[in-house]
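# Descriptive analysis of the structure
Listed below are the residues making up each chain.
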Amino acid sequence: MKKRLLSLSTTHIILLSFLAAILTGAILLSLPISSADGKATPFLDALFTATTSTCVTGLVVTPTVTSWSVFGQIVILLLIQIGGLGVITIMSGLMILLHRKMGIADRLLLKDAFNLNSLSGLIRFVKRVVAGTFIIEGIGALLYMTVFIPEFGAKGIWISVFTSISAFCNAGIDIIAENSLCNYALNPMVNLATCGLVVLGGLGYIVWWDVLRVLKDRRRRKAKFFRSLTLHSKIAITATLTMLAAGAVLIFVFEYSNPQTMKDYTLLQKIQASVFQSVTVRTAGFATIPQENLTNASAIVCLLLMFIGGSPVGTAGGIKTVTFVIIFASAFSSIRNKEDTELFGRRITNQTVRKAVAVTSMSFIIMMVSTVLLAAVTDASAIDILYETVSATATVGLTRNLTASLNSIGKLIIIATMYLGRVGPISLAVAFNQKKENQNIVRNPVEEIIVG
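Residues numbered from 1 in each chain as written. Predicted model: local features only at pLDDT ≥ 70, side-chain atom pairs only at ≥ 80, totals over all residues. Heavy atoms only, no water.

## A word on the overall build of the protein chain
- Of the regular secondary structure elements, the protein chain holds 19 helices and two strands.
- The buried share among the 452 residues of the protein chain stands at 52%.
- Pairs at least 24 apart in sequence give 69% of the contacts found in the protein chain among residues at least 6 apart.
- Only carbon and sulfur atoms are counted for the fraction: they give 65% of the accessible area of the protein chain, which is about 22,000 Å². (Helix = DSSP H or I, 4+ residues; strand = E, 2+ residues; numbered from the N terminus. Buried < 20%, exposed > 50% of the residue type's maximum accessible area, 1.4 Å probe, protein only. Contact = heavy atoms within 4.5 Å. Areas by Shrake-Rupley, 256 points an atom, 1.4 Å probe, with all protein chains shown as cover.)

The structure is reproduced here in structure tokens:
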């Protein structure tokens, strides 16, 4: 058995680790002790909940606040934390905590799981990831407590911890109400804490450490902050800020006079709601505005933001900001008839461009197949179905009131979509990082074709 495990590729191990976490969670959630009413939950609903938690998606077939006992909520929270950090990271962290020596195979697996290019400083990286995650989640919980303890009493502590972890992991699952955070649409602290946690989780760990490195260096020498960042950080930060701002502006304009969303809000309240919506659609999954009440224009903007998602090596889903920017830059270079793709004065390798194309193509195929299949088994409108499948593919968790009404086949389609949407891009990234065993490959002759 051990030899078989050792013979598995990194891709297989990552796929199986997520699957094992999902199945374990589903079994636990199907037990009577996990249910709020003490009755066994149908296994399909338990499997759906375990999948959406582990894949940090947030789509739920039953309200989390009323359907699950404290034990069930703890299981869900553990699955969210495992899914956010990654099963491999959790296992590595435990090995480090127990002072177990990590072999070269463990380090290679961890490197591929994080999509890193080097084994150098890997153990230190894992320690910083785990410590940084718990620190930020702890700060988020304290901020939430200023709102939830006065409202819920001692129960507010548990609600604050749950919401903080869910927000940082971009899961979008809460135990506050059945309408997500709609009751707190105008609460500045809840909005601020949630947006901060979502953005920090979505930026990615590599950007964190790079920003801290530059800030420390600036103390010793006067240097321009942005110029000192790595190319990855420049792209991730620029894309994140640009998309958040563009999304907020467009949603503000399209929802300004919508009587079902923001018409009766003050100007500052409209800005706050627009910013939150722009943040949450980038794989967070919390809602302060009922998504089914959005105008079609806003819904289309949200679909694009959901599909792009957050940044690499973080807790967000989607094709990732860096991937989108590389695709856009490559297309722009082709339009200008330039051979190289360049960003911020640096050349992007063809390998990276191909990787971006592959990740985007896979996500698009998963989304389209899921959309067609779901359309075949449900009578919902096209925009509602597309919203559901893009949300599942990009592990966002927002729905236009479709998830709860899915039939058994529809649930299975979304379960598969969430799983593939979470592990598919990771697997592709790992595959591209694998070195070819044989570089002396016989290549087929070239023949020109017509494109466009």
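## Some remarks on empty space enclosed by the protein
- This structure, assessed with the given rule, holds two cavities of 30 Å³ or more.
- Of the voids in this model, the largest cavity is the one considered here, and its volume is about 70 Å³.
- Lining of the largest cavity is provided by Asn170, Val198, Val199, Gly202, Leu203, Thr240, Leu244, Val279, Arg282 and Gly310.
- Where the lining of the largest cavity is concerned, the elements lending two or more residues are helix 10 (188-203) and helix 13 (231-255).
- Examining the composition of the lining of the largest cavity, we find that four residues originate from one element, helix 10, more than from any other.
- Among the residues making up the lining of the largest cavity, the classes are represented as five nonpolar, four polar and one charged. (1 Å grid on protein atoms, 1.4 Å probe; cavity = no way out; pocket = protein on both sides within 12 Å on 5 of 7 lines; lining within 4 Å. Points joined across faces, edges and corners; volume = space filled by probe spheres on them. Nonpolar A, V, L, I, M, F, W, Y, C, P; charged D, E, K, R; others polar.)

## Some details on the environment of Thr238
- Inspection of the secondary structure puts Thr238 in helix 13.
- In this view, Thr238 contacts Phe226 and Phe344; residues no more than four positions away in its chain are not counted.
- Polar contacts involving the side chain of Thr238 include one to the main-chain carbonyl oxygen of Lys234, which spans 2.7 Å. (Polar contact = N/O pair within 3.5 Å; in protein donor to acceptor, adjacent residues only side chain to side chain.)

## Points about the side chain of Thr360
- One can find Thr360 in helix 17 (residues 350-377).
- A relative accessible area of 17% places Thr360 in the buried class.
- Excluding residues within four positions of it along the chain, Thr360 makes contact with Phe307, Ile319, Thr323 and Ile327.

## Quick word on helix 9 (residues 155-168)
- A rise of 1.5 Å per residue sets the reference length of helix 9, with its 14 residues, at 20 Å; its end C-alpha atoms lie 20 Å apart and thus fit the reference within 8%.
- Where burial is concerned, most of helix 9 is hidden: ten out of the 14 residues are buried.
- The set of residues buried in helix 9 consists of Gly156, Ile159, Ser160, Phe162, Thr163, Ser164, Ile165, Ser166, Ala167 and Phe168.
- One or two residues past the end of helix 9 sits Asn170, with phi positive at roughly 60°. (Expected span 1.5 Å × (residues − 1).)

## Thoughts on the side chain of Thr315
- Relative to the helices and strands, Thr315 is located in the loop between helix 15 (296-308) and helix 16 (321-335).
- Looking at Thr315, the relative accessible area reads 1%, which means it is buried.
- Polar contacts involving the side chain of Thr315 include one to the main-chain carbonyl oxygen of Phe168, which spans 2.7 Å.

## Observations regarding unusual backbone geometry
- For Asn170, which is not a glycine, the phi torsion comes out positive at approximately 60°.
- Tracing the chain through its elements places Asn170 in the loop between helix 9 and helix 10.
- You can call Asn170 buried: its relative accessible area is 1%.
- Positive phi is not limited to glycine here, since Thr283 has a value of about 80°.

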